[in-house]
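Given next are the chains, with one letter for each unit.
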Amino acid sequence: MPNEDDYISPWRLGFVASEPYEFALPSGETITIGKHSILFDAWSGAAIHDTYGGKTVVNIDGQPLFAELAILHLLQDDGFDGVWVDTYRNRFRRSMAQVRCTLPQWVQERFDAILTLNGRRGGCWDVLAWKNNQIVFVESKRKRKDRIHLSQRQWLAAALKAGIDADCFSICEWDLRAN
């Protein structure tokens, strides 16, 4: 188990997972994807108006962010571009602001191919990022408070059918740093 100092950015050496995670697809087939563990500091500044019904807000470089945006921020620090796939509000986002953003055409085409095979946007993994010709999906899960859902297994299965490699998927299990 890494010590607390190792929980900075799991992507410092590229998109390399800290440990393997056995993932069961809806078909019953099991594949291995990467899993990262990250500790975040809780946001202690001014209250956030819209927390999506109580989402935890974390502190990244003095900014209040949801975990999905914090993970995106870490990927951006490592040279990736990307978005939070906000399926609740049906938009791609890069910040806490409710501003829609668009994907580069090649990323949109890959996303649409998965969407077509999956039949719905629900289940898309939280963070979609890209660097050069590499595309990655990261699912944010709070340790001991969240779990993988069938719809997320279905999205992964559709992505595999669309030609996206399992190495392009990762679970980011996070928690709050003890004070």
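Keep in mind that what you see is a predicted model, and the values were worked out from it rather than measured. (Residues numbered from 1 in each chain as written. Predicted model: local features only at pLDDT ≥ 70, side-chain atom pairs only at ≥ 80, totals over all residues. Heavy atoms only, no water.)

1. Looking at helix α1 (residues 67–77)
Every α-helical turn comprises 3.6 residues, leaving residues that sit three or four positions apart pointing alike.
Right, on to step 1. Within α1, nine of the eleven residues are buried, leaving the element largely enclosed by the surrounding structure.
Right, on to step 2. Turning to α1, its buried residues number three or more, namely Ala67, Glu68, Leu69, Ala70, Ile71, Leu72, His73, Leu74 and Leu75. (Buried < 20%, exposed > 50% of the residue type's maximum accessible area, 1.4 Å probe, protein only. Helix = DSSP H or I, 4+ residues; strand = E, 2+ residues; numbered from the N terminus.)

2. Notes on the packing of aromatic side chains
We describe a pair of aromatic rings using the distance from one ring centre to the other and the angle between the two ring planes.
Right, on to step 1. Inspection of the entire model under this criterion finds twelve aromatic pairs.
Right, on to step 2. Each ring, one from phenylalanine 92 and one from phenylalanine 111, has its centre 5.2 Å from the other, and the planes form 80°; the classification is edge-to-face. Here phenylalanine 92 is found in strand β6 (residues 91–93), whereas its partner phenylalanine 111 is found in helix α2 (residues 105–118), with 19 residues between them in sequence. In this structure, phenylalanine 92 and phenylalanine 111 share a single accessibility class: buried.
Right, on to step 3. Aromatic pair phenylalanine 137 and phenylalanine 169: ring centres 5.0 Å apart, planes at 10°, arrangement stacked. In this pair, phenylalanine 137 sits in strand β8 (residues 134–142) while phenylalanine 169 sits in strand β9 (residues 169–176), placing the two residues 32 residues apart along the sequence.
Right, on to step 4. Linked through ring pairs, Tyr21, Phe23, Phe92, Phe111, Trp125, Phe137, Trp155 and Phe169 together constitute an aromatic cluster.
Right, on to step 5. Of note, lysine 55 hangs over the ring of phenylalanine 66, and the distance from its end group to the ring centre comes to 5.4 Å.
Right, on to step 6. Arginine 121 extends its terminal NZ or CZ atom over the ring of phenylalanine 92, reaching a point 4.5 Å from the ring centre. (Phe/Tyr/Trp six-rings, centres within 6.5 Å; stacked < 30°, edge-to-face > 60°. Lys NZ or Arg CZ within 6 Å of the ring centre and 35° of its normal.)

3. Considerations on the pattern of salt bridges
Right, on to step 1. Counted by the stated rule, this structure contains eleven salt bridges.
Right, on to step 2. Put simply, glutamate 19 and lysine 35 hold a salt bridge, and the shortest N to O gap is 3.9 Å. Taken together, the residues span a long stretch of sequence, with glutamate 19 in strand β1 (residues 19–24) and lysine 35 in strand β2 (residues 30–42) at a distance of 16 residues.
Right, on to step 3. With a closest N to O distance of 3.6 Å, lysine 141 and aspartate 146 form a salt bridge.
Right, on to step 4. Bridged by salt links that share partners, the residues Glu19, Lys35 and Glu173 form one connected network. (Salt bridge = Lys/Arg side-chain N within 4 Å of Asp/Glu carboxyl O.)

4. Comments concerning the environment of valine 99
Right, on to step 1. When you line up the elements, valine 99 lands in the loop between β6 and α2.
Right, on to step 2. Taking the C-alpha atoms as reference, valine 99 lies 30 Å from glycine 34; in sequence the two are 65 residues apart.
Right, on to step 3. Residues in contact with valine 99, not counting those within four places in the same chain, are Phe92 and Arg93. (Contact = heavy atoms within 4.5 Å.)

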